[in-house]
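# Coordinate analysis (summary)
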Amino acid sequence: QKEVEQDPGPLSVPEGAIVSLNCTYSNSAFQYFMWYRQYSRKGPELLMYTYSSGNKEDGRFTAQVDKSSKYISLFIRDSQPSDSATYLCAMSRTDKLIFGTGTRLQVFP
Amino acid sequence: DAGVIQSPRHEVTEMGQEVTLRCKPISGHDYLFWYRQTMMRGLELLIYFNNNVPIDDSGMPEDRFSAKMPNASFSTLKIQPSEPRDSAVYFCASSFADHTSTDTQYFGPGTRLTVL
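Below, the structure is looked at part by part. Not measured: the values here are computed from a predicted model.

### Notes on the overall build of chain A
Check the secondary structure of chain A and you find zero helices and 11 strands. In chain A, the order of α-helices and β-strands from amino to carboxyl end is β-β-β-β-β-β-β-β-β-β-β. Compactness check: chain A gives a C-alpha radius of gyration of 13 Å against a globular reference of 13 Å for 109 residues, within 12% of the reference. Summarising its shape, the C-alpha atoms of chain A cover approximately 40 × 30 × 20 Å along the three principal directions. Looking at chain A as a whole, 44% of its 109 residues are labelled buried. Restricting to contacts in chain A with at least 6 residues of sequence separation, those with at least 24 account for 54%. A total of about 5400 Å² of accessible surface is found on chain A, and carbon and sulfur atoms cover 47% of it. For chain A, the separation between the mean place of its 12 positive charges and that of its 11 negative charges on side chains is 5 Å.

### Some words on the packing of aromatic side chains
This structure, assessed with the given rule, holds 12 aromatic pairs over all chains. Each ring, one from B:Phe33 and one from B:Tyr35, has its centre 6.3 Å from the other, and the planes form 35°; the classification is tilted. Ring centres of B:Tyr35 and B:Phe107 lie 5.2 Å apart, and the angle between their planes is 40°; on these two criteria the pair is classed as tilted. Remark: B:Phe107 occurs in strand β10 (residues 106-107) and B:Tyr35 occurs in strand β4 (residues 31-38); sequence separation between them is 72 residues. According to the relative accessible area criterion, B:Phe107 is buried, its value standing at 12%. Among the aromatic residues, those joined into a cluster by ring pairs are A:Tyr36, A:Phe99, B:Tyr31, B:Phe33, B:Tyr35, B:Tyr48, B:Phe91 and B:Phe107. Above the ring of A:Tyr49, the side-chain terminus of A:Lys56 is found at 4.2 Å from the ring centroid.

### Regarding the pattern of salt bridges
Oppositely charged side chains can pair when the atoms bearing their charge come close. Residue and element names in this part refer to chain B. Going through the model one piece at a time under the given rule, you end up with 12 salt bridges over all chains. Put simply, Glu 62 and Arg 64 hold a salt bridge, and the shortest N to O gap is 2.9 Å. On the accessibility criterion, Arg 64 (9% relative accessible area) is buried. Linked by salt bridges that have partners in common, Glu 62, Arg 64, Glu 83, Arg 85 and Asp 86 make up one network.

### A short note on the pairing of strand β3 (residues 19-25) of chain A
All names here are of chain A. Only one face of β3 is covered, namely the one carrying Val 19, Leu 21, Cys 23 and Tyr 25; the face carrying Ser 20, Asn 22 and Thr 24 has none of its residues buried. In this sheet, strand β8 (residues 71-76) lies alongside β3 in antiparallel orientation, the contact comprising six bridges. Opposite Thr 24, over in β8, you have Tyr 71 as the bridge partner.

### Examining the sheet that holds strand β7 (residues 61-66) of chain A
All names here are of chain A. Sheet architecture is open: five strands sit in the order β1-β3-β8-β7-β6, paired in antiparallel fashion. Strands at the two margins of the open sheet, each flanked by one partner only, are β1 (4-6) and β6 (54-58). Within the sheet, the average angular offset between the axes of one strand and its neighbour, ignoring direction, is 20°.

### So, the interface of chain B and chain A
When the parts come together, some accessible area is lost, and that loss is often what is quoted as the size of the interface. Taken together, the contacts link 20 residues of chain B with 20 residues of chain A. Between chain B and chain A, the buried area comes to about 1500 Å², and carbon and sulfur atoms account for 54% of it. Three residues, B:Leu43, B:Thr100 and B:Thr102, lead the burial of chain B against chain A; their summed loss comes to 36% of the area buried on that side. Between the two partners, chain B and chain A, sit zero salt bridges. Counting the contacts that link chain B with chain A gives three residue pairs in polar contact (both at pLDDT 80 or more). A class-by-class count of the residues in the side of chain B that touches chain A yields seven nonpolar, 10 polar and three charged.

Each value, and the rule that gives it
Residues numbered from 1 in each chain as written. Chains lettered and ligands numbered in written order. Predicted model: local features only at pLDDT ≥ 70, side-chain atom pairs only at ≥ 80, totals over all residues. Heavy atoms only, no water. Helix = DSSP H or I, 4+ residues; strand = E, 2+ residues; numbered from the N terminus. Rg over C-alpha atoms; globule rule 2.2 N^0.38 Å. Buried < 20%, exposed > 50% of the residue type's maximum accessible area, 1.4 Å probe, protein only. Contact = heavy atoms within 4.5 Å. Areas by Shrake-Rupley, 256 points an atom, 1.4 Å probe, with all protein chains shown as cover. Lys, Arg positive; Asp, Glu negative; His and termini not counted. Charge placed at Lys NZ, Arg CZ, Asp CG, Glu CD. Phe/Tyr/Trp six-rings, centres within 6.5 Å; stacked < 30°, edge-to-face > 60°. Lys NZ or Arg CZ within 6 Å of the ring centre and 35° of its normal. Salt bridge = Lys/Arg side-chain N within 4 Å of Asp/Glu carboxyl O. Pairing = 2+ DSSP bridges. Axes fitted to C-alpha atoms, helices over the stretch in contact; angles between N-to-C directions. Buried area = accessible area lost by both parts, 1.4 Å probe. Polar contact = N/O pair within 3.5 Å; in protein donor to acceptor, adjacent residues only side chain to side chain. Nonpolar A, V, L, I, M, F, W, Y, C, P; charged D, E, K, R; others polar.

None of the figures reported here should be taken as evidence of function without further support.
Put into structure tokens, the structure is as follows:
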């Protein structure tokens, strides 16, 4: 079993929709939880990070962590075609940073 | 700053050939990371350097892979001999802190390697 599981998608939604992206993990030692966005043929870029259970907002993006369920989510409100990308969750503990395999998102006009 | 620079952007080679990937990190960053990305395994850390010194190479898949950082502005990842299963996108990233912190890692555009 992988330490971090992420549905690869693809997820296709209309412009303006609320998008929910999720990851589950198995190791309770993870301390920091991150979301990266990766456009086609580009490197990943950090969107948000959090280290505690609860929600963190940044504009149209909300990161949510539920440590009791070992589940993290990224919500995108009012999705735009420019949000079309692959979204990678990532989790770190003292010795390792592990990425999910990514969920491909397509927002159509 | 131009960001992390990688070359070549694409490399197609035949099995058994030596492949060298190059990276120029962002000036002032103390940490440099090499990653490999595949559909099946996602993004995996191969090795990272702190102040030009290799710190953790436990992600390097086998002895065919080697990495060097002769100075603060240049690093190479070499595969010799290359095999078809090495086909992947290889990313270089740099940062002010190590990969387990929340300091942002800045990724280069990647090198897409195809081994025939």
